[in-house]
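Below are the chains, spelled out letter by letter.
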Amino acid sequence: MKTTLLKTLHALLILTTTLFCQFSTAQNTELFIPYYANGKWGYCDVNGNILIPTTYNNKTTFFFSFKGQDFAYVVNNDGRTILIDKNNNNLLPEDCFISDFPGISYFLKHGTSRLVESSSKKQGLYDYEKLKVTVPIVYDSIFDFNYQIIAKKKNKYWEINDNEQYEQYEQIQTDYIDLEILRNLELYIYKTSDKIYKDGEKGKREEITYEDYAVLKKKDFETVVEETIIEATEIAGREHKYFVNIKGSDEINKTPDINEIKVIENIGFFKKIYEKRCGYKELNIVQKGGKVGITDENMNLILPIAYDELQFDYSKKIVYIKKGDLVGMKFLIDPCHLIEPNYDSIEGITFIQKKDFYIFLVKKNNINLYVGENGIEFFKLD
């Protein structure tokens, strides 16, 4: 009986914990966020707790998942890009690093391999789905040529056959002694010891004579590519479309009563969204003295009357706030904290859908850094 009761309590505890984590982002420590301190990068959780020490150079990437595996690109002390898991293990072979990022995987059918290079300058492919080398790291170079992956070693060429039935990509040696691109003609040339081919229709290669090749070569050299001049035209962006600047408004009393709260704008919203998420239908931009803020229709404060300027995005779901030369922001339909204006600029917003969490890219001291929707700064500056 006691055992059954303990099992029931244990099950209820698991269920309660699961539901609580679903509704409380702050409890979610699985989200690894790039964290900056002392000139180095590592990772922290949504509360700013360090998960991976700040030991990497340059900005790290967010972790991404592929078939249950989590990876991130980081730059080590040698300035080389490597691949790590959430336990900070280097997933690449010893003494190897990622040569292109992401590059060559775009030309592979499965797209899960990366070009890697050893310190001895040899190249191969590493598959982060299989966590193994799929093309040996023995080639002088691996590159795409006419949408085909080619490996070169000592003036010999191999075609890399991307076939999922093989544990490793097939490496088929060719009889090519040279590959050439006639760029102005957008033509690919394949040379063997006694023949020359060009790429024809539907990817088929057509044999041509040396005389034909000479004509094409000359034509490619003489072809004049017309320079296309695109006139720069300023196009209004979608963000910051609605703007209110207290200092520039002629409708506002030049010397308002410092104790008076005055409504200077009324903004309507989509009722269904706002009634469901926040409980109000419209907002007021209000002024007190020389500062502005936002209230709901009942004059309850949504944003303190403490800022010099307010600027909305195109959807009016986000308000950017300014105090002096510094910028902050607040979401108006999500339960996000107020991001106080402590930053030189706000560069972008990332929504982590699986975690239901917003992360803001800000600039401070000329460094791009991250701040969470909970107001926590994922960095420490001297």
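Going along each chain's sequence as written, the residues are numbered from 1 onward. The model is predicted, so local features are restricted to residues of pLDDT at least 70 and side-chain atom pairs to those at 80 or more, both for listing and for counting; the totals for chains, interfaces and linings are taken over all residues. Computation of side-chain values: all heavy atoms of the structure, hydrogens and water removed.

## As for the pairing of strand 23 (residues 301–307)
Selection rule: Here, strands pair whenever DSSP counts at least two bridges between them. The secondary structure listing takes helices from DSSP runs of H or I that are at least 4 residues long and strands from runs of E that are at least 2 residues long, numbered from the N terminus.
As defined by bridge partners, strand 22 (residues 291–296) adjoins strand 23 across three bridges and the pair is classed as antiparallel. Each bridged residue has a counterpart across the sheet, and for valine 292 the counterpart in strand 23 is tyrosine 307. Taking the residues between adjacent antiparallel strands as the criterion, strand 22 and strand 23 are bridged by four residues, where methionine 299 takes a positive phi near 70°.

## A few points about the nonpolar core
To keep it simple, the criterion reads: In these notes, a set of buried Ala, Val, Leu, Ile, Met, Phe, Trp, Tyr and Cys residues joined through side-chain atoms within 4.5 Å is what counts as a nonpolar core. Buried, partly exposed and exposed residues are distinguished by accessible area as a fraction of the type maximum, computed with a 1.4 Å probe on protein chains only: under 20%, between the cut-offs, and over 50%, respectively. Only heavy atoms matter for contacts: two residues are in contact if any of them lie within 4.5 Å across the pair.
Grouped together as the largest cluster of nonpolar side chains are 30 residues, with contacts concentrated most on Ile33, Met329, Ile359 and Tyr370. When residues of this core are traced back to their parent elements, those giving at least two are strand 1 (33–37), strand 2 (40–44), strand 25 (318–323), strand 26 (326–331), strand 27 (339–343), strand 28 (345–352), strand 29 (357–364) and strand 30 (367–372). It is strand 29 that contributes the most residues to this core, six residues altogether. Every residue in contact with isoleucine 359, bar those within four places of it in the chain, is listed here: Leu31, Ile33, Phe62, Gly348, Ile349, Thr350, Ile352, Tyr370 and Val371. Membership of the second largest hydrophobic core comes to 21 residues, among which are Ile52, Phe63, Cys96 and Ile98.

## As for the sheet that holds strand 30
Filter applied, for reference: For helices, the fitted line uses only the C-alpha atoms of the stretch in contact; every axis is such a line through C-alpha atoms, and the angle between N-to-C directions lies from 0 to 180 degrees.
One open sheet accounts for three strands, arranged 28-29-30; its pairing is antiparallel. Whereas interior strands pair on both sides, the edge strands pair on one side only; in this sheet they are strand 28 and strand 30. Averaged over all adjacent pairs, the angle separating strand axes in this sheet is 25°, with direction ignored.

## So, the side chain of aspartate 85
Applied cut-off: Charge convention: Lys and Arg are scored as positive, Asp and Glu as negative, and His as well as the terminal groups of each chain are ignored. Basic side-chain nitrogens of Lys or Arg form a salt bridge, by our definition, when they fall within 4 Å of a carboxyl oxygen of Asp or Glu. Definition of a polar contact: a pair of N or O atoms within 3.5 Å, with one able to donate and the other able to accept a hydrogen when the atoms are protein atoms, and with sequence-neighbouring residues admitted only if both atoms are side-chain atoms.
Tracing the backbone through its elements, the reader meets aspartate 85 in the loop between strand 6 (81–84) and strand 7 (96–98). At 10 Å, lysine 86 is the nearest oppositely charged side chain to aspartate 85, a buried residue that forms no salt bridge. Engagement of the side chain of aspartate 85 in a polar contact is seen with the backbone nitrogen of asparagine 87, the distance being 2.9 Å. The residues contacting aspartate 85, other than those within four sequence positions of it, are Ile52, Phe63, Asp70 and Leu91.

## Here we look at the side chain of threonine 81
Relative to the helices and strands, threonine 81 resides in strand 6. The contacts of threonine 81, once residues within four sequence positions are left out, are Tyr73, Val74, Val75, Leu92, Phe97 and Ile98.

## A look at unusual backbone geometry
Phi angles above zero are rare outside glycine, and asparagine 155 is one such case at about 65°. Along the chain, the position of asparagine 155 falls in the loop between strand 12 (148–153) and strand 13 (156–161). Phi at glutamate 186 takes a positive value of approximately 55°, unusual for a residue other than glycine. Classification of glutamate 186 by relative accessible area gives exposed; the value is 68%.

## Focus: the confidence of the model for the protein
Interpreting fine coordinate detail is not advised for predicted regions of low pLDDT. Cut-off, in case you're wondering: Predictor confidence is given residue by residue as pLDDT, running from a minimum of 0 to a maximum of 100.
A residue-level look at the protein finds 76% of positions with pLDDT of 70 or above and a mean pLDDT of 78. Contacts from residues 225–243, a stretch scored under 50 in pLDDT, to residues over four places away or in other chains number 23 contacts. Note that pLDDT drops below 50 for residues 246–256; the model gives that stretch 15 contacts with residues more than four away or on any other chain.

## Let's talk about the sheet that holds strand 1
In spatial order, the strands read 3-2-1-31; together these four strands make up an open sheet with mixed pairing. Sheet topology places strand 3 (50–56) and strand 31 (379–380) at the edges, where each strand pairs with a single neighbour. Inspection of the sheet shows strand 1 paired to strand 31 by two bridges, in the parallel sense. Residue pairing across strands places tyrosine 36 opposite phenylalanine 379, the latter belonging to strand 31.

## Digging into helix 2 (residues 210–222)
Helical periodicity: at 3.6 residues per turn, an α-helix aligns residues three or four positions apart in one direction. For clarity, the cut-off: Expected span of a helix: the number of residues minus one, times 1.5 Å. Note that the arc is defined by the directions from the helix axis to the C-beta atoms.
Look at helix 2: 18 Å from first C-alpha to last across 13 residues, which is about the 18 Å you get at 1.5 Å a residue. For helix 2, every residue scored as buried is listed here: Tyr213, Leu216 and Asp220. Down the axis of helix 2, the sector holding all buried residues measures 65°, keeping them to one side. More than 90 degrees from the buried face of helix 2, the exposed residues found are Glu211, Val215, Lys218 and Phe221. Where the residues of helix 2 are buried, they touch strand 15 (178–182), strand 16 (187–191), strand 17 (196–199) and strand 18 (205–208).

## Some remarks on the packing of aromatic side chains
Cut-off, in case you're wondering: Under the pairing criterion, centres of Phe, Tyr and Trp rings, with the six-membered ring standing for Trp, must be within 6.5 Å; the plane angle then separates stacked pairs below 30 degrees from edge-to-face pairs above 60, leaving the rest tilted. Any Lys NZ or Arg CZ found within 6 Å of a ring centre and within 35 degrees of that ring's normal is scored as a charge over the ring.
What the rule picks out here adds up to 17 aromatic pairs. Pairing tyrosine 139 with tryptophan 158 gives two aromatic rings, centres 5.5 Å apart and planes at 65°, and the pair type is edge-to-face. In this pair, tyrosine 139 is assigned in strand 10 (residues 132–139) and tryptophan 158 in strand 13, connecting sequence segments 19 residues apart. An aromatic cluster is present here, built from Tyr36, Trp41, Phe62 and Tyr370 joined pairwise through their rings. Seen from the ring of tyrosine 190, arginine 205 lies directly overhead, with NZ or CZ sitting 4.1 Å from the centre.

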